[in-house]
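Summary of structural features
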Amino acid sequence: MMLFDDTEIFSSGKGGKRVFDVPDADLMLIDNFFSKEESDYYYNFLYHTTQWREYEMPMYDKVVTAPRMISWYGETSRTDRKSNPDWPVQLLEIRQRVQQHTHIEFNAVLLNLYRDGSDGVGWHSDKTSSTNKDMNIASVTFGETRLFRLRHKTLKHLAPIEIPLHHGTFLLMAGHTNTYWEHQVPKTPRDVLPRINLTFRQVR
């Protein structure tokens, strides 16, 4: 029997705002972008009400089940941006906060649920259309702190960037970041609680 809520031990981080001075990237991190109380609320809502699903992905010469669960919300036209009935009010609130801070509009969001340390995602750049290669990606984390790593695709002498993403943290990957950098969330043998990550996107 659980004697406490998971959110009681989630760490919000104390790093404040940081802009990374690295080539070919516009990368900004804000700890405590959402307060502890807001983060607890959104974590519990998303964890318990989202229609999470597994999905399959190609790996070498076979198809495997991805080590995480996902959910997707998008918009079919510009006219329903504010009233899309498929978007829960809580997701619209989070998106509004992100858009107010970045002055960037996002019309889709991918939710990832990392259930424990055996869930993760390997090195990749997010898929983009041919007309939107430099897609801005706004990432919000609720739940367990997990390590987020980035590496430059061609400048191999650059050391990978390692960023702990805490409960309520916001990370913006803008400009050329997704074009020139790959990122991953490595698996961990540690006993960790679930993490929910939202990546807001510009789908054309």
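Just so you know, these numbers come straight off a predicted model, no measurement behind them.

On to the nonpolar core. Counting 30 residues, the largest nonpolar core has Ile94, Val140, Phe142, Phe170, Leu198 and Phe200 as the members making the most contacts within it. Every element with two or more residues in this core is listed here: β2 (26-30), α1 (36-49), β5 (69-74), α2 (89-102), β6 (108-114), β8 (137-143), β11 (170-174) and β13 (195-201). Element by element, the count of residues in this core is highest for α2, at four residues. In this view, Ile94 contacts Phe34, Tyr42, Leu46, Val140, Phe142, Leu198 and Phe200; residues no more than four positions away in its chain are not counted. Listed in part, the 17 residues of the second largest apolar core include Leu150, Leu171, Met173 and Trp181.

A separate point is the environment of Met57. Within the secondary structure, Met57 sits in strand β3 (residues 56-59). In this structure the C-alpha to C-alpha distance between Met57 and Pro67, which are 10 residues apart in sequence, comes to 10.0 Å. In this view, Met57 contacts Lys62, Val63, Val64, Ala66 and Pro67; residues no more than four positions away in its chain are not counted.

If you walk through the whole model with that rule in mind, you get nine aromatic pairs. Pairing Phe33 with Phe34 gives two aromatic rings, centres 5.2 Å apart and planes at 80°, and the pair type is edge-to-face. Residue class for Phe33 comes out buried when judged on its relative accessible area of 11%. Between Tyr41 and Tyr42, the ring centres sit 5.3 Å apart and the planes meet at 55°, which makes this aromatic pair tilted. By relative accessible area, Tyr42 is classed as buried at 7%. Three or more aromatic residues joined by ring pairs make a cluster, and in this case those are Phe33, Phe34, Tyr41, Tyr42, Phe142 and Phe170.

Procedures and definitions
Residues numbered from 1 in each chain as written. Predicted model: local features only at pLDDT ≥ 70, side-chain atom pairs only at ≥ 80, totals over all residues. Heavy atoms only, no water. Core = buried A, V, L, I, M, F, W, Y, C linked by side-chain atoms within 4.5 Å. Buried < 20%, exposed > 50% of the residue type's maximum accessible area, 1.4 Å probe, protein only. Helix = DSSP H or I, 4+ residues; strand = E, 2+ residues; numbered from the N terminus. Contact = heavy atoms within 4.5 Å. Phe/Tyr/Trp six-rings, centres within 6.5 Å; stacked < 30°, edge-to-face > 60°.

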